[in-house]
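Topology and contacts: notes
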Amino acid sequence: MTSSPAPMPGLTARDYKSEVKPVWCPGCGDYSVLLAITKALAELKLPPEKVSVISGIGCSSRMPAYMNSYGFHGVHGRAVALATGLKLSRPDLTVLVTGGDGDGFSIGGNHFLHACRRNVDLTYIVMDNRVYGMTKGQPSPTTEPDWDSALSPGGTGLRPFNPLVIALASGANFIARGFSGDSNGTARLIVEAIKTPGFSFVEILSPCITFRQDQRGWKKIVRPAPVDPTEDIGRAARRLMTDDGFNLGILYVGGREPYRLQLEGGEREPAELESQFVV
Amino acid sequence: MGAKADQTNSLSIALTGSGGAGVITAGNMLLEAAAKAGCYGLFARSSGPQIRGGEAAAMVRLANEPVVAPGDVFDILIAIDWHNIDRFAVELPLSTVSLVIADPSQGAVPEVIAARGARIAELPLRDLAKTVAKGRPNMIALGAVAGLIGLPGEVADDVMARTLKKRGDEALAASRDAFALGVEAAGAMSFDGPDLWTRAATRERWIINGNEAAGLGAVRGGVRFVAAYPITPATDLLEWMALNLQRLGGALVQAEDELASINMIIGASYGGTPALTATSGPGLALMSESLGLAVAAEVPVVVVDVMRGGPSTGIPTKSEQSDLNIALFGLHGDAPHLVLAPTSISDCVFTTQWAVSLAETLQSPAIVLSDQLLGQTRAIVDRPADIAFVSQRVTAEAATVEDFRRYGLAAGGISAMAIPGSPGRQYTADGLEHDESGLPSSRAGDHVSQLDKRAAKLDGFDYGNHWAEIEGDGRLAVVAWGSSTGAVREALARLGSRGHEFRLVSPRLLSPPPPARWAEALEGVERALVVELNHSAQFYRYLKGYCDPPCPVDVYHRPGPLPLRAGELVAEIEKWSRS
């Protein structure tokens, strides 16, 4: 973390949770992600008022209200842009972005590309359940091509989007994958994502038990990635291109300098700009 | 109404040529030299959509009084070439008293110009330029204009030296020689224009365009963060901000699109930094959804829309006042917000500064409707007054009491906004309808009370006399907004000098509509005429529908890209006043 506020002693995960009861279905993977985020913040002992959680629209985008931190629940697909404006103008804050696969990769796809490329010091947590849950079960960019639904009978026939590969190709500085069923492991990934300067992308496989009951089987498929994190972008590319989507862990950590604004040193007053206009 | 330039005491000069011929450089130098010599003036440029090699015209109007609109006809048109003249001849009105100076090497004067009956003089610009090492026709042309209008030689020389400093001594010497040849050639031509040089202005004057003026107003108002996507004709506002924000400890971010820019400024403002973006019609359309977010989440932001011809891509390089409807009504749901329009180039400072102040105070998005004509016309103006607006955002500092309600139904509808970092004030800003604490709520009671709150804070605010410029006391009123105000002002001044009294009402605050103020402004008025530059009479319909004017209202309107001219309006207003 580039500008860490002084840690606060004695904070626990509970201190980062609000009193609001989530709208999520019982058994939704997102409960565990909420737990993982609060555990990570407690581990880092960040004062709640120095943390902002920004989101767009969707089940997982409801996250900010469930946290005891500052938050912004904005419009669909634009969370990363809103967070970029906040972090660039307030580098002292820890800014997390939370959302789902539809919000981040479909309507927000362009912002995802440019956030990776811009490499602002943000942590972007995508709870990927390969479905639009809030609108009751439509295919998202990460949905399998043959997944049947009312909106795309027989499946979309489209090749799923590979967010990790795209993040790497676009310049993200930290890429990891977690599983909601392992909240401690996910919390460790989030801790590292926050600590690593620049744009950190964490995909969390978070099953939708209502529209994707088949995802209940994920807990049997996921496994820790068999290799350590790499700093080698070529190796990371090969790994991510060939991975089946169920390897968990930190998969790439780069060394790019984050994008910051030069906000110091400009000490002049507006009246001092006027001389450029005087005849 | 103060003295204004009119057709007899001003000089309008056009320099035309293909892109790269240097007419814009020459036009800028003419304006700057005239300013040094004590004039007021305007310098508008016309260019096609091409990046290079298109047609260009530098259109300068000079006078001893403030110049608020383009002249009716050009006194002098000097053409370096006639490239693509068919495309923009209509932008260069001429009459039988105009002098057209043409280079015979560029062929006969095109019929579209010759047909206007102007006097034509030949000046071999290219051949003369060849007699000077590195001489350029545009400097010969500038010299000829200077000679014809009697521009004092020392100020022209001074401006030439300053403009060409970076190009080295050789370039400067070539320009001086070429300029002198032009002055000499002008001696052989007859031209009868007003003397602009013996009554030189002594007050402090600025040269500024509306885009720079809006930028200056924004930073005076406290804006320190800008996120934006390039778009004509707003880009030069952004470029001005990029450089000047650095000097103030602020910064500009180039966003990936307008959806990002509006959300970035919402994020920055949420974090406590007054923030702005500038765009044109297509960008404003893209921002509409998120402007609604700023309404619902009560985040102050300012969007300057430098309007151009629409719809769709329209005419990017030319002016129109046709984004009023989208600015007023483009947001879904019941989404009250601020819409303002500057009344002149120098008023872009005031109105933008005021917009920032209102947005911050009222925790609301504000849209400022400038346009290409205001934004890209350079003007010599009196130094705009300093205005000290109290633009304090009501913030909630560190918690002293337990029960912080971000969207509490406080008197007047303005509730304290906690800034991230303030301990104990954590809340979630939300585009979902919410209760007083900010928690999502679809309860009927919360919806009604939050809608009432957001409307009340705008409707109940005292905007004071800034809401409009009201001049004159006639029983007939002309209502103009934005860039149309200038041509109307000049038209009414001309009519006034003939003994016809009119009242001018030019509202700065377009939304929320203040019907009580409109009633005051039009008190005792028998009839009012709205003048605006769009095809569908947008302001006229808005005034009749939302502002409850106390008298019958008529309208004179037409679309761009041709600017309204005072002579045209004198004729229209006379016709209307007799009807």
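Computed from a predicted model, the values in this text were never measured in an experiment. (Residues numbered from 1 in each chain as written. Chains lettered and ligands numbered in written order. Predicted model: local features only at pLDDT ≥ 70, side-chain atom pairs only at ≥ 80, totals over all residues. Heavy atoms only, no water.)

**Focus: the overall build of chain B**
Helix and strand counts for chain B stand at 19 helices and 23 strands. A globule of 579 residues ought to have a C-alpha radius of gyration of about 25 Å, and chain B, at 26 Å, matches this closely. Viewed in the frame of its principal axes, chain B has a C-alpha envelope of about 85 × 60 × 40 Å. Burial statistics for chain B: of 579 residues in total, 62% are counted as buried. Counting only contacts in chain B whose residues sit at least 6 apart along the sequence, the fraction spanning at least 24 positions is 75%. In the form shown here, chain B has an accessible surface area of approximately 20,500 Å², with 52% of it arising from carbon and sulfur atoms. Seen as two clouds, the 49 positive and the 65 negative side-chain charges of chain B have centres 3 Å apart. (Helix = DSSP H or I, 4+ residues; strand = E, 2+ residues; numbered from the N terminus. Rg over C-alpha atoms; globule rule 2.2 N^0.38 Å. Buried < 20%, exposed > 50% of the residue type's maximum accessible area, 1.4 Å probe, protein only. Contact = heavy atoms within 4.5 Å. Areas by Shrake-Rupley, 256 points an atom, 1.4 Å probe, with all protein chains shown as cover. Lys, Arg positive; Asp, Glu negative; His and termini not counted. Charge placed at Lys NZ, Arg CZ, Asp CG, Glu CD.)

**Comments concerning the domain arrangement of chain B**
Residues and elements named next belong to chain B. Examined at the domain level, chain B breaks down into domain 1 (10–186), domain 2 (209–382), domain 3 (399–458) and domain 4 (464–578). With centres defined by C-alpha atoms, the gap from domain 2 to domain 4 works out at 25 Å. Listed by partner, the interface residues are 27 residues for domain 2 and 28 residues for domain 4. Taking both partners together, domain 2 and domain 4 bury about 2,200 Å²; carbon and sulfur atoms supply 62% of that area. Of all residues in domain 2, Q321, T343 and W354 bury the most surface against domain 4, accounting for 30% of the area lost on that side. Inspection of the region where domain 2 meets domain 4 yields 1 salt bridge. Between D347 and R508 there is a salt bridge; the shortest N-O distance is 2.8 Å. In this assembly, domain 2 and domain 4 are joined by 16 residue pairs in polar contact (both at pLDDT 80 or more). Of the residues contributing to the side of domain 2 that touches domain 4, the split by class is 15 nonpolar, 7 polar and 5 charged. (Domains from an automatic or database assignment. Buried area = accessible area lost by both parts, 1.4 Å probe. Salt bridge = Lys/Arg side-chain N within 4 Å of Asp/Glu carboxyl O. Polar contact = N/O pair within 3.5 Å; in protein donor to acceptor, adjacent residues only side chain to side chain. Nonpolar A, V, L, I, M, F, W, Y, C, P; charged D, E, K, R; others polar.)

**What to know about empty space enclosed by the protein**
It is a probe the size of a water molecule, rolled over the atoms, that shows where empty space is left. All names here are of chain B. Following the criterion strictly, the structure yields 4 cavities of 30 Å³ or more and no others. What the second largest cavity holds in volume is close to 40 Å³. Mapped by element, the contributors of at least two residues to the lining of the second largest cavity are α1 (23–36) and α6 (153–163). (1 Å grid on protein atoms, 1.4 Å probe; cavity = no way out; pocket = protein on both sides within 12 Å on 5 of 7 lines; lining within 4 Å. Points joined across faces, edges and corners; volume = space filled by probe spheres on them.)

**Remarks on unusual backbone geometry**
In this model, G310 of chain B is joined to P311 of chain B through a cis peptide bond whose omega is 0 degrees. Of note, the amide linkage connecting S511 of chain B to P512 of chain B takes the cis form, showing an omega dihedral of 5 degrees. Backbone geometry at K136 of chain A places phi at a positive 75 degrees, although glycine is not the residue there. Mapping K136 of chain A onto the fold places it in the loop between β4 (123–128) and α5 (163–170). The class of K136 of chain A is exposed, set by a relative accessible area of 60%. One non-glycine residue, E298 of chain B, adopts positive backbone phi at about 55 degrees. Mapping E298 of chain B onto the fold places it in the loop between α11 (281–297) and β11 (301–307). Judged by its relative accessible area of 0%, E298 of chain B falls in the buried class.

**Regarding the environment of I208 of chain B**
Looking at the element boundaries, I208 of chain B is found in strand β7 (residues 205–209). Ignoring anything within four residues of it in the chain, the contact list for I208 of chain B reads F277 of chain A together with A213, I345, T377, R378, A379 and V381 of chain B.

**Overview of the sheet that holds strand β14 (residues 378–382) of chain B**
Residue and element names in this part refer to chain B. Across the sheet, 8 strands lie side by side as β6-β5-β4-β1-β3-β2-β14-β7; this open sheet has mixed pairing. Pairing within the sheet leaves two strands with one partner each, and these edge strands are β6 (119–122) and β7. Taking each pair of neighbouring strands and ignoring which way they run, the sheet shows an average axis angle of 20 degrees. Across 4 bridges, the pairing between strand β4 (residues 76–79) and strand β5 (residues 99–102) is parallel. (Pairing = 2+ DSSP bridges. Axes fitted to C-alpha atoms, helices over the stretch in contact; angles between N-to-C directions.)

**Looking at the nonpolar core**
With 149 residues, the main nonpolar core has F72 of chain A together with F225, M241, L369 and F539 of chain B as its most contacted residues. If near-sequence neighbours (up to four positions away) are discounted, F539 of chain B is found in contact with L324, V479, W481, P507, L510, W518, V530 and E532 of chain B. Residues L30, L125, A144 and L164 of chain B belong to the second largest nonpolar core, which totals 55 residues. (Core = buried A, V, L, I, M, F, W, Y, C linked by side-chain atoms within 4.5 Å.)

**Topic: the sheet that holds strand β19 (residues 476–480) of chain B**
Residue and element names in this part refer to chain B. The strand order across the open sheet built from 5 strands is β18-β20-β19-β22-β23, with neighbouring strands paired in mixed fashion. Two strands bound the open sheet, and with one partner strand each, they are β18 (468–471) and β23 (553–557). Pairwise comparison of adjacent strand axes, ignoring direction, gives a mean angle of 20 degrees for this sheet. Across the face of the sheet, helix α18 (residues 538–546) comes into contact with β19, β20 (503–507), β22 (527–532) and β23 while running at roughly 140 degrees to β22.

**Description of the packing of helix α8 (residues 210–220) of chain B against helix α13 (residues 347–362) of chain B**
Residues and elements named next belong to chain B. Look at α8 against α13: their axes get within 7 Å of each other, and the N-to-C directions meet at 35 degrees. Relative to α13, the crossing made by α8 is right-handed. Only C348, V349, T352, Q353 and V356 of α13 make contact with α8, whose side of the interface consists of G210, A213, A214, L216, G217, A218 and R220. By residue class, the composition of the contact of α8 with α13 is 7 nonpolar, 4 polar and 1 charged. (Left-handed = near helix turned anticlockwise from the far one by under 90°.)

**Looking at the packing of α1 of chain B against helix α5 (residues 137–149) of chain B**
Residue and element names in this part refer to chain B. Interaxial distance between α1 and α5 falls to 9 Å at its minimum, and their mutual angle equals 30 degrees. With respect to each other, α1 and α5 are oriented roughly parallel. Once α1 is placed against α5, the crossing between them reads as right-handed. Contacts from T25, A26, M29 and L30 of α1 reach α5 at N138, M139, L142, V145 and I149. Partitioned by chemical class, the residues of the contact of α1 with α5 number 7 nonpolar, 2 polar and no charged. (Parallel < 35°, antiparallel > 145°, perpendicular 65-115°, else oblique.)

**Concerning the interface of chain B and chain A**
Between chain B and chain A, the contact holds 61 residues from the first and 46 residues from the second. Buried surface at the junction of chain B and chain A, summed over both partners, amounts to about 4,200 Å²; 62% is from carbon and sulfur atoms. Among the residues chain B hides against chain A, the three largest losses belong to R247, E256 and Q426 of chain B. Together they make up 15% of the total. Across the pair R383 of chain B and E274 of chain A runs a salt bridge, and its minimum N-O distance is 2.4 Å. If you look at where chain B meets chain A, you find 26 residue pairs in polar contact (both at pLDDT 80 or more). When residues of the side of chain B that touches chain A are assigned to their parent elements, the largest contribution, 8 residues, is made by helix α10 (residues 258–270) of chain B.

**Quick look at the packing of aromatic side chains**
All names here are of chain B. One pass over the structure, following the stated rule, counts 27 aromatic pairs over all chains. When the ring of F329 is compared with that of Y542, the centres are 6.0 Å apart and the planes differ by 65 degrees; the resulting orientation is edge-to-face. Taken together, the positions of F329 in helix α12 (residues 324–329) and Y542 in helix α18 put the pair 213 residues apart, joining distant regions of the chain. A residue is classified by how much of its surface remains accessible, and Y542, at 3% relative accessible area, is buried. (Phe/Tyr/Trp six-rings, centres within 6.5 Å; stacked < 30°, edge-to-face > 60°.)

**Notes on the side chain of S441 of chain B**
Note on placement: S441 of chain B falls in the loop between β17 (428–430) and α15 (444–459). Look at S441 of chain B and you get buried, because its relative accessible area is 8%.

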